[in-house]
Structures are given as structure tokens and as C-alpha cells.
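Notes for the structure review
The lines below spell out each chain.
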Amino acid sequence: MTSDSELLVPLHVAYIKSLGENKDDLVYHMTAHLRLNAIYWGLTALCIMNQKEALDREEMIGFVMSCWDDEAGGFGAHPDHDAHILATLSAIQILVIQDALDRIDIPRVVKFILSLQQPSGVFAGDSFGEVDTRFSYCAVNALSLLGKLSELDVEKTVAYIRSCKNFDGGFGACIGAESHAGQVFVCVAALAILDRLDEVDHETLAWWLAERQLPNGGLNGRPEKLEDVCYSFWVLSALSILQKLSWIDSDKLSSFILSAQDPDSGGIADRPGDMVDVFHTLFGVAALSLLGYPGLVDLDPVYCMPASVIEAKGLRKSWQALERRSK
Amino acid sequence: MSASSDSIELYADDPEWADIEPVRQYENPNPLAPIFYTEEYRDATDYFRGVVKKGDMSPRVLDLTEKIIRLNPAHYSAWQYRYKVLLALKSPLDLELRLMDELAVKFLKTYQVWHHRRLLISHPQLSSSKSSSFYLTAELRFIAKCLVVDSKNYHTWSYRQWLLSNFFSGGERGKEEEEVWKKEMEWIEQMIEEDVRNNSVWHHRFFVVFQSGIRVGDEDREVVRRREIDFAKDKISLAPSNPSAWNYLRGVLDNNNLPYSDLSIFVRPYAQARSPDAEADEVIDLENPSPSKGAQLPCVPAIEFLADVYESGKSRDDIEKAAQLWKSLANEYDTIRKKYWEYRIKEALEVLPA
Ligand SMILES: [Zn+2]
């Protein structure tokens, strides 16, 4: 049932297109809190497969704008949901990719984002107050895309990230928390955007990241945990930023990702044989792009968006992916 | 969706809710995001939106939000509003915590469950009450119970670290703090006993010993370092290929600026194939426990460690010995990281004079 030779692009495109249709199932309504994120994941995956036009631009922009929470000045994951920084970043990323940033009230969004910064320097996700270095990344990424990084208290933001650094070189979600590949990505990418990679212990961290690869080729997020396709992206993007991507066994990782494809209906799962979803589909395709998989479009690992979009905005940082293979 | 509502009770049919105007979910014409709900969930969330719109903060809203949370624990607006209502009603937050005990275990992977606990326990009603110690230590016990169900749950562990640093690190609780940290170390030993490969526990040990202040009895850091190094060695001898124990050992050395070469006598047997007559002339060295009987040798982290020891020697002979070990990793013992080991060889040889 696995197809470990090639990426099934037409099937994945069809799968992403089908996501909005025919959703008479329980899982779908349970994930309304991720709807805007899901559209960003789908759109970015399509861009990387060079199929941006597969989803209608105007409809997408219309949906994004219907998620605007006018009271808070940010975006919710879904119409009528309260504004949250995760959804706000997704909305901005979609609008940037679609070249439609002019639809939003930038000063208000900036105000909303900055209002979430806590005295410690970390960001909360919303007014409910959960804090996480993930949200710091969302804030930094979003402000950078909006061209408003100058309004951020950079020292304070960096100080919190620094306090989440662990003895193994990795970073956790909050002070005292264990290193985790997803948190490593958000911290390293945020520091890259802020030109503060000097905060990272490059050798120790890159080694910790390389250690995430298991003999079957897949990557895990912490020692002694299972491999999962989404970690392919988090580990690889952090390694690209540290310019150490070549430490990964690229052939074995590629076959692991390709073996997690659904060869009948498209999409990529967390690992072979599991149910596919759009989240793992994006991160599988994104990882393959960084590994130089033939025919894919370049991905910017810092922003997790098409590289050409970031370059056009003059925001490219000095990451390094593997050279794109022709065959 | 069929309309078989016989078995479920809907707010729409309940006269007690007649004063609330249900607000339908915004139906989007966009095919990217159509919405289909179960009738029970749709009914509850329609009334929830109605409640929010009206600003209703009556006790029944606690039932409504509980129902929504049980159907969908990731519904963050329901959590948020529930907390507001609890405060508005001056509800006893200890009862809320007990209700949360059930939900936390049920929805262990949902961060809202843990964040809600954080808000509750931080509220002066609990954290500044006469019984605050009781509530806080009950939290530690409750977390330990959750970790029996899922011993590596990230939210659960970070909640524990947060509790310890927020409520037991200021010195305000005097003797009681000492007691908590002492128990914490005992509990960690027990957790490592249960699964020596659980990286979360090893991380937590580092946090407790080195990152959250100095405990009474731990003032002599030299004694602490020795204790921690011996602890790691002991656990490595039980499971030599366990990366968590090796990372811990490296962490202790790095954190205290100690040279890796201090450990070479200990490491050597782990970096070699077992010699056939090893059993016969084995001398028990308490400071340097040998690999356990069935362990597979050599093991990757030990080869790597020994190579680092050689590399720090800096002489040509040392570097060449290190390169030899890296070669064995690249070609035999850790081929998945071949590129990395080749990089180490290249970097080390480059600094040698020609
Ligand atoms: Zn995953």
C-alpha cells in the first residue's frame, strides 16, 4: 500500500481541494478551531507543489476576512470565534501569499499582537492567557510580514526565548519545559527573524536535531519518542536555519515521508498506515522541498511560506536547503 | 444529519432556556469551510453564542459550558467564558478543580485543560487561602497520577514545572518547601526506576537539581555534582544505549565546566565490544559500574563520548584515535548519521598541522 518512489502530486492536490467539500463527519466540526490554519496549510502545500491556483483566490480571501474579530482586532480560526494569535498569523500568511494584505487594518492587527506580550516577554495566544514560545514565534513572524517589527520590544522577546534554553541546546514551550523539536523550530526561527541567532548554541543544538533521526529514516520530536512526519519539517527547518541540513540522511527521510502517503485518496499521514490530514500533508511536502525533491517549489523554512514570496518582500534570512535535484 | 433527538436533551426544548435567543453558527457560502454539526453540539453552541451575546453569567451557564467542553474540549471560547462566569458567581474554585480532575484525565492532550487549572490555582481564592498548601500539594499528587496514564505528556510536565517554580521557590513556605523538594527527588527516582528511558523525567531532574534554586542540604555543589554524575553512571550501566542518561551526564559536565576526560575510565568498557573473558576477571568498581550483563556493546553514545575525550586531548595521536571512533560510527554503528560523523572527522583533522 505504500508508494516509496515518488510524491503523488495530483492526488495530494485533489485531496486538499476535497477538504472543503462533503464534510458530514464529526472530525470536521471538532476542528473548527483550526479552520483558518488548515486553509494556510493547504494553500502552502499547494504552492510548494506549484498548484496555487487549485483553490479559488477570491473565495479564500472572503473566508479569511469573515474570520475577522472586530472587537479584538485580530482573526479567529473561524467566523464567530474569538481572535487568537495562531489564526491571526495564518490569516496574514494567506493574505501575503495571495498578495491581498491591503484588505486588513494593519495598525489594529499590530496593536492586537502587541497586546498579547506579557511582562516576562513571552506572548499569550489570546486573552485567555496561555503562554508558549510558539506564540512568540507567531508574533515575530506576523509583525515581520506586516513590516512592523520595529514596534516590537526585541530585547524582551529574546530574553524569554533565552530563558527557555535547555542543557541539551534545545528549547521548550515555557521556562523549565523539556526540549521539543517543534519548540526548537519556533525559537530558532523567531531568533532568525530577529537576527539574534547568536543566542543559539549551534553545535549542540544541531547535533540534538540530527539525533532525532531514527534508523527507519523518520524523525522524532524528543528522545525515545516515535517518528512522525510533522517533525520532518520542524527538525529540517531548524537545521536549514543553522545551515546543517546535510547532517540528515536525506534518502532515508524522503522514503519515510513518501511511505506515509495515502496512495488511493492522497494526503500524507503522521506515519505509514495512519489517517492522512492536511497538517501532515503540508509538513511532509515542505520537508521534501527542503530536501531538494525534484519538481517542488522552494520553501522558506523560517516563515514556512513559498521562498519567492519572502524574497519579494526582502525578508530572506541566510538559511540553506539541499540543492534541488532534477530527477 | 438526521433529526433523531429522542435520546438527547436539547436546550431548544428546555423551558428554562426560553429567555435565550440561540445564535446560529455563521453559515459560510464558501465551500472551503462548510459546517456540519451533530444536533446536540449545534444546539449547545447555538445557545452558548446566545448566552455570550446576552452577557448571561448565571449558574446554568456552567452546565452549558461543561457540556460543550465535554463534546469538544478544544473549544477555547467555552473555557474562557466558563472562567469568567466562575469568577462572576464567586464559585468555590476548589470544587471546579475537582471537576477538572476528571476532565484532565479524559482530555489529557488538550492544553486548555491545563491552562484552566493554572488560572484556578493562581487565583487568590486558592493560592492565598489558609489551605493553599493543601491545594498545591494536591496538584502535585494529581499530576503524578496523570503521568501514570501518560508518562511523557508535555502539558502535564510543564504544568508541574510551573507549579514548582511559582509556588515553591520563593522561600515563603519555609519548611514546607524543603519537604516538597525532598519528595520531588524521591518521586523522580521512582519515575526513572519505572522507565529509565523517559527523557521527560531526566529533563525534570535537571530542572530540579540545577535550574530551580539550591535546596537545603544541597549547598555543597561539589557533593551535588558527584551525586548526579554517579546517578547517571548507575543508570547508564543498566541501559547503556539510553540517550537520555548520556545527555544528562553531558549536561552535568557542561553545566559545571568539568572535562569529559574525568569519565574516561567509566566510559571505556561501554565503547568496546565485550571481551569473552570479561565475566571471569570482573572487578567490582563502585565508582565505575560496568555495563549490565545482557547489554549490547559497544554502544553509540559511549563511542561518541570517548571520541570527545580524545578530541579534547588535541595531540595528533589523540585526534587520530577520535577519528577512528567516528569512522566506526559512520560506517558501522550509527550509519544514519554518516554525514555528521564525516563532518566531525573533517573538522578535527583540519586543525592538525600538516
Ligand atoms: Zn505529527
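Remember, it's a predicted structure, so these values are computed and weren't measured experimentally.

Scoring rules and cut-offs
Residues numbered from 1 in each chain as written. Chains lettered and ligands numbered in written order. Predicted model: local features only at pLDDT ≥ 70, side-chain atom pairs only at ≥ 80, totals over all residues. Heavy atoms only, no water. Patch = residues over 30% accessible without salt bridge, like charges linked within 9 Å, V, L, I, M, F, W, Y side chains within 5 Å. Areas by Shrake-Rupley, 256 points an atom, 1.4 Å probe, with all protein chains shown as cover. Salt bridge = Lys/Arg side-chain N within 4 Å of Asp/Glu carboxyl O. Lys, Arg positive; Asp, Glu negative; His and termini not counted. Charge placed at Lys NZ, Arg CZ, Asp CG, Glu CD. Helix = DSSP H or I, 4+ residues; strand = E, 2+ residues; numbered from the N terminus. Buried < 20%, exposed > 50% of the residue type's maximum accessible area, 1.4 Å probe, protein only. Domains from an automatic or database assignment. Contact = heavy atoms within 4.5 Å. Buried area = accessible area lost by both parts, 1.4 Å probe. Polar contact = N/O pair within 3.5 Å; in protein donor to acceptor, adjacent residues only side chain to side chain. Nonpolar A, V, L, I, M, F, W, Y, C, P; charged D, E, K, R; others polar. Axes fitted to C-alpha atoms, helices over the stretch in contact; angles between N-to-C directions. Left-handed = near helix turned anticlockwise from the far one by under 90°. Donors = N, O, S within 2.8 Å, 3.2 Å for Na, K, Ca; no water. Tetrahedral: all angles 85-135°; square planar, octahedral: opposite > 155°, others 65-115°. Expected span 1.5 Å × (residues − 1). Core = buried A, V, L, I, M, F, W, Y, C linked by side-chain atoms within 4.5 Å.

Details of a negative patch on the surface
A cluster of acidic side chains, namely Asp201(A), Glu203(A), Asp254(B) and Glu347(B), defines a negative patch on the protein surface. Take Glu347(B): it is sitting in helix α16 (residues 338-350). With relative accessibility at 35%, the residue Glu347(B) sits in the partly exposed group.

Looking at the domain arrangement of chain A
Residues and elements named next belong to chain A. What the domain assignment lists for chain A is domain 1 (116-200) and domain 2 (204-327). A straight line from the C-alpha centre of domain 1 to that of domain 2 covers 22 Å. If you look at the interface, domain 1 gives 22 residues, while domain 2 gives 24 residues. The largest contributions to the domain 1 side of the interface with domain 2 come from Leu-145, Ala-181 and Phe-185, which together make up 31% of the buried area. Scanning the region where domain 1 abuts domain 2 turns up 2 salt bridges. In this structure, Arg-222 engages Glu-178 in a salt bridge whose closest nitrogen and oxygen atoms are separated by 3.0 Å. Joining domain 1 to domain 2, the criterion identifies 7 residue pairs in polar contact (both at pLDDT 80 or more). Taken together, the elements giving at least two residues each to the side of domain 1 that touches domain 2 come down to α7 (133-145) and α9 (181-193). With 8 residues, the single largest contributor to the side of domain 1 that touches domain 2 is α9. For the side of domain 1 that touches domain 2, the class distribution of residues is 12 nonpolar, 7 polar and 3 charged.

Observations regarding the packing of helix α5 (residues 85-97) of chain A against helix α6 (residues 106-115) of chain A
All names here are of chain A. Two elements in contact, α5 and α6, have axes whose closest approach is 11 Å; the angle formed by their N-to-C orientations is 145°. When you trace α5 past α6, the crossing you get is left-handed. Counting all contacts with α5, which are made through Ile-85, Thr-88 and Ile-92, the residues of α6 involved are Val-109, Phe-112 and Ile-113. Looking at the contact of α5 with α6 residue by residue, the classes come out as 5 nonpolar, 1 polar and no charged.

Quick notes on the interface of chain A and chain B
Listed by partner, the interface residues are 59 residues for chain A and 52 residues for chain B. In this assembly, chain A packs against chain B so that about 5100 Å² is buried in total across both faces, 57% of it on carbon and sulfur atoms. For the interface between chain A and chain B, the tally reads 1 salt bridge. Residue Arg197(B) is joined to Glu224(A) by a salt bridge in which the shortest nitrogen-to-oxygen separation is 3.1 Å. Our enumeration of links across chain A and chain B arrives at 19 residue pairs in polar contact (both at pLDDT 80 or more). Among the elements of the structure, α2 (26-30), α3 (35-48), α4 (57-66) and α10 (202-210) of chain A are those that each provide at least two residues to the side of chain A that touches chain B. Residues of the side of chain A that touches chain B, tallied by class, amount to 22 nonpolar, 17 polar and 20 charged.

So, the coordination of the zinc ion
Residues and elements named next belong to chain A. Summarising the metal site, the zinc ion is bound by the protein donors Asp-228 (OD), Asp-228 (OD), Cys-230 (SG) and His-280 (NE2), whose distances to it range over 2.1 to 2.4 Å. Taken together, the 4 donor atoms surrounding the zinc ion define angles of 56 to 121° at the centre, an arrangement classified as irregular. In primary-sequence terms, the residues that donate to the zinc ion follow D-x1-C-x49-H. One end of the pair, Cys-230, is in helix α11 (residues 229-241); the other, His-280, is in helix α13 (residues 278-290), with 50 residues separating them in the sequence. With respect to burial, Cys-230 and His-280 carry one shared label: buried.

Focus on helix α9 (residues 174-194) of chain B
Under the 1.5 Å per step criterion, the end-to-end length of α9(B) is 31 Å for 21 residues, consistent within 8% with the ideal 30 Å. When we look at burial in α9(B), the residues that qualify are Glu177(B), Val180(B), Trp181(B), Glu184(B), Met185(B), Trp187(B), Ile188(B), Met191(B) and Ile192(B).

Things to note about the nonpolar core
Judged by nonpolar contacts, the single largest core of 223 residues is most densely connected at Ile92(A), Ile113(A) and Ile121(B). Among the elements that line this core, the one with the most residues is α9(A), at 11 residues. Taken together, domain 1 (116-200) and domain 2 (204-327) of chain A each give at least three residues to this core, which thus spans both. When sequence neighbours within four positions are dropped, the list of residues in contact with Ile121(B) reads Leu97(B), Leu126(B), Ser127(B), Tyr135(B), Leu136(B), Glu139(B), Tyr159(B), Trp162(B), Leu163(B) and Phe167(B). One finds Val122(A), Tyr160(A), Cys164(A) and Tyr154(B) within the second-largest nonpolar core, a separate group that totals 7 residues.

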